[in-house]
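Structure assessment
Listed below are the residues making up each chain.
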Amino acid sequence: MGSNEYLDKEIETASPKYVQRLQEAKLGKQLDYLYARSVFYQEKFQAAGLQRKHYRRVRDLERFPFTTKEELRESQAICPPLGKHIAAKIDDVIRVHSSTGTTGKPSFVGLTRRDAKMWTKLTARSFYTQGLRKQDVVIHAAGLTLFVAGLSSKDAIEHVGAMFVPIGTGASEKALMAIQLLKATAMHCTPSYAAYFAEWIRREAQLEARDLGLKKLFCGAEPGAGIPAVRAKLQEDWGARVTEGLGNADMAPIIFSECPHQSGMHFNGQEYVLAEIIDPDNGESLPIEAGVSGELVYTSLERECVPLLRFRTRDRVTILGTSCPCGRTGFKLRCVGRTDDMLIVLGVNVFPSAVKDIVSSFRPRTTGEIQIILTEPGPRVAPPLKVVAEYANSCSDLPALKQEVERKIKATLTVAASLDLVPAGTLPRYEMKGQLIKKHYE
Ligand SMILES: [Zn+2]
């Protein structure tokens, strides 16, 4: 495999031991910085009785406390505009992004010049891993403004030398025109949008997305592109290879991304971010081995503005492997959903994306679109789990379909479900992130 298959060959193919040593040293420096500059962490460390000398090796990180999104929100409310966790001078902040979260009030993330440069390198490496090359013309059909993967994607795609086409969201007509006139080869968007846009093109332009010539779909911002049946449909609709990326608004836009082997997202943050997988219930660190599932936790290794230590992402992931035919040594994972979306049916954890996967596997009898109906606030749901799914117009035996899907949900997820079949096109489509849960209460 030629050296041009990697953007940063040395680090992307480094041995785990080398990466661990590098991270160990960098984390020491980052802690020096936190002890010197971050009021937020000075207080946290003092409360936990931890001094700088308590950190000597990477393993010692486990003694340090987690950081939660709630703490960051509170810190920003008490100490606006960027919070007590800002560790750089406000004059050195060159850009802010934000995540909206569930409360609707934005939570700001600042970047110094050095932070922005680091984001660009890491995001570029992630896109390159997904197969982005200099020759590509990339339609950016995702958020462009405050969204962390907006301007950062522009910087990263330009860094690789490809052509960035800033379309944004809610502009399908413009996106289609740009694809045709610029002979686009790639698109960056949410999987929900890729599905929506393919249907839109069929309906509004009487064209098939697969005839437009796109070769690569770079998806992210929600699980979906990694769900086998959903991916299969996107690839069929677009005639393009679908790969996905995973990042975090408070850490970096894209930290994990999938190579063309499509066997899970590689960790790409070697020298920038330390990633841990923990048991979400007791907080214990889990080994980085195939088959391990847990919550993803990030620690910054060279952040100036908002360095975070053991930040709990609420992303639930499963490690798929620690090696790959592409030669990258970054471990691979798949994100099954966020803790916030998780439902518990008689003690069994159920992610809406898993239900969508099952229903989608019945295509072409179903369209793959689903909604889970909650009649009471979650996460606990009394069985059966109420699922609405669309049947395709060509499907004639609805009672049989209903029974088969319900059986497969029971067999795969070990929860009872009751399926309500509705005609194709009944459920809402989303141009941003999909909403798989519908609340029937207030
Ligand atoms: Zn690979």
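Our structure's up above, just so we're on the same page.
A brief report on the enclosed structure follows. Treat the numbers as computed from the prediction; the structure is a model and nothing was measured.

Once that is clear, we can look at the layout of surface pockets. Looking at the second largest pocket, its volume works out to about 810 Å³. Around the second largest pocket, the lining comprises 28 residues; the ones closest to its centre are Q20, Q23, V58, A275 and I288. Of all the elements in the fold, those that place two or more residues in the lining of the second largest pocket are α2 (16–37), β10 (273–278) and β11 (285–286). A per-element tally of the lining of the second largest pocket places α2 first, with 7 residues.

Any aromatic ring pair is given by two values, namely how distant the centres are and how the planes are angled relative to each other. In total, this model carries 12 aromatic pairs according to the counting rule given. Ring centres of F45 and F64 lie 5.4 Å apart, and the angle between their planes is 85°; on these two criteria the pair is classed as edge-to-face. Of this pair, F45 sits in helix α3 (residues 39–47) while F64 sits in the loop between α3 and α4 (69–78); the two residues are 19 residues apart in sequence, bridging distant segments of the chain. Each member of the pair F45 and F64 is classed as buried. Taken together through their ring pairs, the aromatic side chains of Y35, F40, Y41, F45 and F64 make up a single cluster. Sitting above the plane of the Y128 ring, R133 keeps its charged end 3.7 Å from the centroid. The cationic tip of R312 hangs over the ring face of F66; the distance from NZ or CZ to the ring centre is 5.2 Å.

Now for the coordination of the zinc ion. C259 (SG), H266 (NE2), C324 (SG) and C326 (SG) make up the full set of protein donors to the zinc ion, lying at 2.1 to 2.3 Å. For the zinc ion, the 4 donor atoms are set out with angles of 100 to 117° between them, so the coordination reads as tetrahedral. On the primary sequence, the residues serving as donors to the zinc ion are separated as C-x6-H-x57-C-x1-C. In this pair, H266 sits in strand β9 (residues 265–267) while C326 sits in the loop between β13 (311–321) and β14 (332–338), placing the two residues 60 residues apart along the sequence. Judged on exposure class, the residue H266 and its partner C326 are both buried.

All right, on to the environment of T366 then. Along the chain, T366 falls in strand β17 (residues 366–374). Residue T366 is classed as buried on the basis of its relative accessible area of 3%. Distance in space between the C-alpha atoms of T366 and N393 is 8.7 Å, their sequence separation being 27 residues. In this structure T366 touches V359, S360, E390, Y391, A392 and L401, once residues within four positions along its chain are discounted. Among the polar contacts made by the side chain of T366, one reaches the main-chain carbonyl oxygen of V359 at a distance of 2.8 Å.

This brings us to the packing of α2 against α3. Contact pair α2 / α3: the axes reach a minimum separation of 6 Å and the direction vectors enclose 95°. In terms of their interaxial angle, α2 and α3 are classed as roughly perpendicular. Mapping the contact onto sequence places L31, L34, Y35, A36 and R37 in α2 and V39, Y41, Q42 and F45 in α3. Here the residues of the contact of α2 with α3 are counted per class, giving 7 nonpolar, 1 polar and 1 charged.

Let's shift gears to the pattern of salt bridges. According to the stated counting rule, one finds 34 salt bridges in the structure shown. The partner of K26 in a salt bridge is E302, with the nearest N and O atoms 2.5 Å apart. With a gap of 276 residues between them, K26 in helix α2 and E302 in the loop between β12 (293–300) and β13 connect regions that are remote in the sequence. Between R202 and D237 there is a salt bridge, and its shortest N-O distance comes to 3.6 Å. With R202 in helix α8 (residues 191–204) and D237 in helix α9 (residues 228–238), this residue pair connects regions lying 35 residues apart in the sequence. According to the relative accessible area criterion, R202 is partly exposed, its value standing at 34%. By relative accessible area, which is 7% here, D237 ends up buried. Each of K26, R114, E302 and E304 takes part in salt bridges that share partners, so that together they form one network.

Let us now look at helix α5 (residues 113–129). The end-to-end C-alpha distance of α5, which contains 17 residues, comes to 24 Å, matching closely the 24 Å that a straight helix rising 1.5 Å per residue would cover. Within α5, 13 of the 17 residues are buried, leaving the element largely enclosed by the surrounding structure. Positive backbone phi, at 110°, marks G131, one or two positions downstream of α5.

It is worth spelling out empty space enclosed by the protein at this point. One simple way to see leftover space: roll a probe sized like a water molecule over the atoms. Per the counting criterion, the structure on display carries 1 cavity of 30 Å³ or more. In this structure, the largest cavity spans a volume of roughly 30 Å³. What lines the largest cavity is simply L72, H85, F108, V109, D250, V306 and L308. For the lining of the largest cavity, a count of residues per class yields 5 nonpolar, 1 polar and 1 charged.

With that settled, consider the sheet that holds strand β19 (residues 385–391). Two strands in a sheet stick together by hydrogen bonds in their backbones, pointing the same way (parallel) or opposite ways (antiparallel). Sheet architecture is open: 4 strands sit in the order β20-β19-β17-β21, paired in mixed fashion. Single-partner strands in this sheet number two, and they are β20 (417–423) and β21 (437–439). Between one strand axis and the next, the sheet turns by 30° as a mean value, whatever way the strands run. Across 5 bridges, β17 lies against β19 in antiparallel orientation.

Once that is clear, we can look at the sheet that holds strand β6 (residues 216–219). Overall, mixed pairing links the 12 strands, which are arranged β4-β3-β5-β6-β7-β8-β9-β14-β13-β12-β10-β11 in an open sheet. Of all strands in the sheet, those with a lone pairing partner are β4 (163–166) and β11, marking the two edges. By the bridge criterion, 2 bridges tie β10 to β11 in an arrangement that is antiparallel. By the bridge assignment, I278 is partnered in β11 with S285.

Calculation rules
Residues numbered from 1 in each chain as written. Predicted model: local features only at pLDDT ≥ 70, side-chain atom pairs only at ≥ 80, totals over all residues. Heavy atoms only, no water. 1 Å grid on protein atoms, 1.4 Å probe; cavity = no way out; pocket = protein on both sides within 12 Å on 5 of 7 lines; lining within 4 Å. Points joined across faces, edges and corners; volume = space filled by probe spheres on them. Helix = DSSP H or I, 4+ residues; strand = E, 2+ residues; numbered from the N terminus. Phe/Tyr/Trp six-rings, centres within 6.5 Å; stacked < 30°, edge-to-face > 60°. Buried < 20%, exposed > 50% of the residue type's maximum accessible area, 1.4 Å probe, protein only. Lys NZ or Arg CZ within 6 Å of the ring centre and 35° of its normal. Donors = N, O, S within 2.8 Å, 3.2 Å for Na, K, Ca; no water. Tetrahedral: all angles 85-135°; square planar, octahedral: opposite > 155°, others 65-115°. Contact = heavy atoms within 4.5 Å. Polar contact = N/O pair within 3.5 Å; in protein donor to acceptor, adjacent residues only side chain to side chain. Axes fitted to C-alpha atoms, helices over the stretch in contact; angles between N-to-C directions. Parallel < 35°, antiparallel > 145°, perpendicular 65-115°, else oblique. Nonpolar A, V, L, I, M, F, W, Y, C, P; charged D, E, K, R; others polar. Salt bridge = Lys/Arg side-chain N within 4 Å of Asp/Glu carboxyl O. Expected span 1.5 Å × (residues − 1). Pairing = 2+ DSSP bridges.

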